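Architecture and fold: a report
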Amino acid sequence: MLQYVTLLALILAFLLLLGVIFALQRVAKTRPNGGVVGESGFTLEGYSYTLILLAVIAAVGIGYVLARDSPWSGHIMEWLNIVVRLMHITFGIAWIGASFYFVFLENALNRTDNVREELAGNLWAVHGGGFYYLEKYKTAPKQIPKSLHWFKYEAYFTWLSGFSLLFVVYYFNASSMLIDPRVLDISPLAGVGIGVGSFVAAWLVYDGLCRTEFVRSPWFKVVGFIIATGFAFFYAQVFSARAAYIHFGAMLGTLMVGNVFFTIIPAQKAMVKAATEGTPLDPTLGKNALARSLHNNYFTLPVLFVMVSNHFPSTFGHSYPWAILAAITLGTAGVKHWLNLREKHQTDTAVWVLPAAVGVLLAVVFVTAPPAQSGGSATAGAANACAQEIPMSQVNMIVQKRCIQCHSSHPTDDVFKSPPNGVVYDTPEDIIRLRDKIMQRVVVTKTMPQNNKTQITQEERDLIACWINQGAKNK
């Protein structure tokens, strides 16, 4: 009964939000600049965008309630995953693209050649068959134009859609995707609470440091990296390796959207208000906003890596996943630093940056490589197991017992109702064809079965490794 009441409430909320969104959009079209509301600078159009996200969240809730304890649970959850993931990627491209572009613009400005007094610089560009001329003011123009575009909704929607995706993939299936009893045996509710609470804690620590004079010290970056590594270590001690990586990326994303919401946009609103009213403008507002924007720019590549890391167990499947995550974060941020120097034509003064960053990333490749004798086994009985030829029937029996729940044409798993990534082991031929993938996921990185849900033993992993090393014969 409670499930039906919850479903009805979510549907009514969804329909109500759609109605309000439609009304706000119509009113906003009749007013200049989207219909500014009060002195906050927020517009009716902005409110409608916020309600659109709330409607999406309500739709996700509807999908979850429909899916729970339903024969369609896997199907509905998969489509929720697809829709929310697509939204997250789309908004993320818009946000990160804007970050890349405006930092490039700041770095590449002409600041000396025929620059008017009120300008900080200008830039000529050609794109899409047309020429563009851009100017940056030192503070603000004498008259603020009525049509002024704000770059903020890309950030808000990226974080909200990403947070929704975190629920769809990890929190709604916490016992399967978030919690690994071999790492820490906690309840799903505790895991969700720790994950969300860590984002708040990370923001408080980071924002607190940014509000001190220490932010201007070169050591700020070093301390920031150490703190980030601490969070990576913490997540690896609480969650499954995959979930730890995703939470690290979500933590960085939270810092990025916090910078936009709490520092960058308020500073821009203060600048617009001062220019409109003709009052003096505090120059530190613009400097602080620019600094936070630059921080976001350095976060982008590590966050992008985390977004794709789930598909590559060589990273999160290592014995020390937090160290690999920290190293890749350092390497990718180093690459971004070199790109920023290049845009400012300053690479001659720091020629070591790119080689050092690439060296860190290559070191990660070397460290995560499997041993020369692929098999990944450290058990005493592994050598004895390989002394005799392993028959296909023995390997097939292990696969049918430990893997087929998810990786079959008709999975029986409680979460996956279709084979993940289309990988099936229905026949011995399927197993032979995918032996390299099995070696990487089951033997070397031990990331499959997911959180060892089917309790595969080390001896079984050893037998599979021996069979593959013996040529993966169908005998």
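So, here is what we can say about the structure in this document.

1. Considerations on the overall build of the chain
Per the secondary structure count, the chain includes 17 helices and four strands. For the chain, the proportion of contacts with a sequence separation of at least 24, taken over those separated by at least 6, is 67%. Summed over its atoms, the accessible surface of the chain is roughly 25600 Å², and 66% of this surface lies on carbon and sulfur atoms.

2. Remarks on the nonpolar core
Counting residues in hydrophobic clusters, the biggest one holds 60 residues, and the most contacted among them are Tyr156, Tyr170, Leu178, Tyr235, Phe248, Met251 and Leu255. When residues of this core are traced back to their parent elements, those giving at least two are helix H3 (73-108), helix H4 (153-171), helix H5 (174-178), helix H6 (188-210), helix H7 (219-238), helix H8 (241-277), helix H9 (283-309) and helix H11 (321-343). The element that contributes the greatest number of residues to this core is H8, accounting for 14 residues. Apart from residues lying up to four places away in sequence, Tyr156 is in contact with Val257, Val260, Phe261 and Ile265. Cys403, Val423, Ile432 and Ile456 belong to the second largest nonpolar core, which has 26 residues in total.

3. A short note on the pattern of salt bridges
Enumeration over the complete set of coordinates arrives at twelve salt bridges. With its nearest N and O atoms 2.9 Å apart, the salt bridge here joins Arg116 to Glu135. Remark: Glu135 occurs in strand S4 (residues 130-137) and Arg116 occurs in the loop between H3 and strand S3 (119-127); sequence separation between them is 19 residues. Judged by relative accessible area, which is 31%, Glu135 ranks as partly exposed. We note a salt bridge from Arg433 to Asp430, for which the minimum N-O separation is 3.1 Å. Remark: Asp430 and Arg433 occur in helix H15 (residues 428-433); sequence separation between them is three residues, near one turn of the helix.

4. Brief notes about a nonpolar patch on the surface
On the surface, Ile89, Ile93, Leu304, Met307, Val308 and Phe312 cluster together into a nonpolar patch covering about 510 Å² of accessible area. Per-element accounting of the nonpolar patch gives the leading share, three residues, to H9. Take Ile93: it is sitting in helix H3. A relative accessible area of 60% means that Ile93 is categorised as exposed.

5. Quick look at the side chain of His88
Tracing the backbone shows His88 in helix H3. His88 gets classed as buried once you look at its relative accessible area, which sits at 16%. A polar atom in the side chain of His88 sits 3.3 Å from the side chain of Ser161. Only 3.2 Å separates the side chain of His88 from the backbone nitrogen of Gly162, close enough to count as a polar contact. Here His88 is in contact with Thr158, Ser161, Gly162, Leu165 and Met307, once residues within four sequence places are set aside.

6. Observations concerning helix H14 (residues 392-402)
Considered for burial, the residues of H14 that qualify are Met392, Val395, Asn396, Ile398, Val399 and Arg402. Seen from one end, H14 has its buried residues packed into an arc of 160 degrees, which puts them on one side. Counted as exposed and oriented over 90 degrees from the buried face of H14: Ser393 and Met397. On its buried face, H14 sits against H15 and helix H17 (458-469).

7. Things to note about the packing of aromatic side chains
Overall, the coordinates contain 23 aromatic pairs when judged by the stated rule. Ring geometry for Phe102 and Phe151: centres 4.9 Å apart, planes at 70 degrees, overall edge-to-face. Placement of the pair is Phe102 in helix H3 and Phe151 in the loop between S4 and H4, with a sequence separation of 49 residues. Assessed through its relative accessible area of 37%, Phe102 is described here as partly exposed. Take Phe151: its relative accessible area is 41%, and that puts it in the partly exposed class. Ring centres 5.0 Å apart and planes at 85 degrees place the aromatic pair Phe261 and Phe262 in the edge-to-face group. Residue class for Phe262 comes out partly exposed when judged on its relative accessible area of 47%. Feature note: the residues Phe91, Tyr153, Tyr156, Phe157, Trp203, Tyr206, Phe261, Phe262 and Phe299 constitute an aromatic cluster, connected by ring pairs. Positioned above the aromatic ring of Trp150 is the side chain of Lys152, whose terminal nitrogen or guanidinium carbon lies 5.3 Å from the ring centre. Across from the ring centre of Phe100, 4.7 Å away, lies the NZ or CZ of Lys336, which sits over that ring.

8. What to know about the packing of H6 against H8
Two elements in contact, H6 and H8, have axes whose closest approach is 9 Å; the angle formed by their N-to-C orientations is 50 degrees. With respect to H8, the axis of H6 lies oblique. As for the relative orientation of H6 and H8, their crossing is right-handed in sense. Facing Gly195, Phe199, Ala202, Trp203 and Tyr206 of H6, the residues of H8 in contact are His247, Ala250, Met251, Thr254, Leu255, Gly258, Asn259 and Phe262.

9. Observations regarding unusual backbone geometry
Residue Met448 is joined to Pro449 through a cis peptide bond whose omega torsion reads 0 degrees. Even without a glycine there, the phi angle at Lys446 is positive, about 55 degrees. Mapped onto the elements, Lys446 comes out in the loop between helix H16 (435-444) and H17. At Ala472, a residue that is not glycine, the phi angle is positive and equals roughly 50 degrees. Along the chain, Ala472 falls in the segment after H17.

Conventions and cut-offs
- Residues numbered from 1 in each chain as written.
- Predicted model: local features only at pLDDT ≥ 70, side-chain atom pairs only at ≥ 80, totals over all residues.
- Heavy atoms only, no water.
- Helix = DSSP H or I, 4+ residues; strand = E, 2+ residues; numbered from the N terminus.
- Contact = heavy atoms within 4.5 Å.
- Areas by Shrake-Rupley, 256 points an atom, 1.4 Å probe, with all protein chains shown as cover.
- Core = buried A, V, L, I, M, F, W, Y, C linked by side-chain atoms within 4.5 Å.
- Buried < 20%, exposed > 50% of the residue type's maximum accessible area, 1.4 Å probe, protein only.
- Salt bridge = Lys/Arg side-chain N within 4 Å of Asp/Glu carboxyl O.
- Patch = residues over 30% accessible without salt bridge, like charges linked within 9 Å, V, L, I, M, F, W, Y side chains within 5 Å.
- Polar contact = N/O pair within 3.5 Å; in protein donor to acceptor, adjacent residues only side chain to side chain.
- Arc of directions from axis to C-beta.
- Phe/Tyr/Trp six-rings, centres within 6.5 Å; stacked < 30°, edge-to-face > 60°.
- Lys NZ or Arg CZ within 6 Å of the ring centre and 35° of its normal.
- Axes fitted to C-alpha atoms, helices over the stretch in contact; angles between N-to-C directions.
- Parallel < 35°, antiparallel > 145°, perpendicular 65-115°, else oblique.
- Left-handed = near helix turned anticlockwise from the far one by under 90°.

Interpretation in functional terms is not warranted from these geometric data alone.
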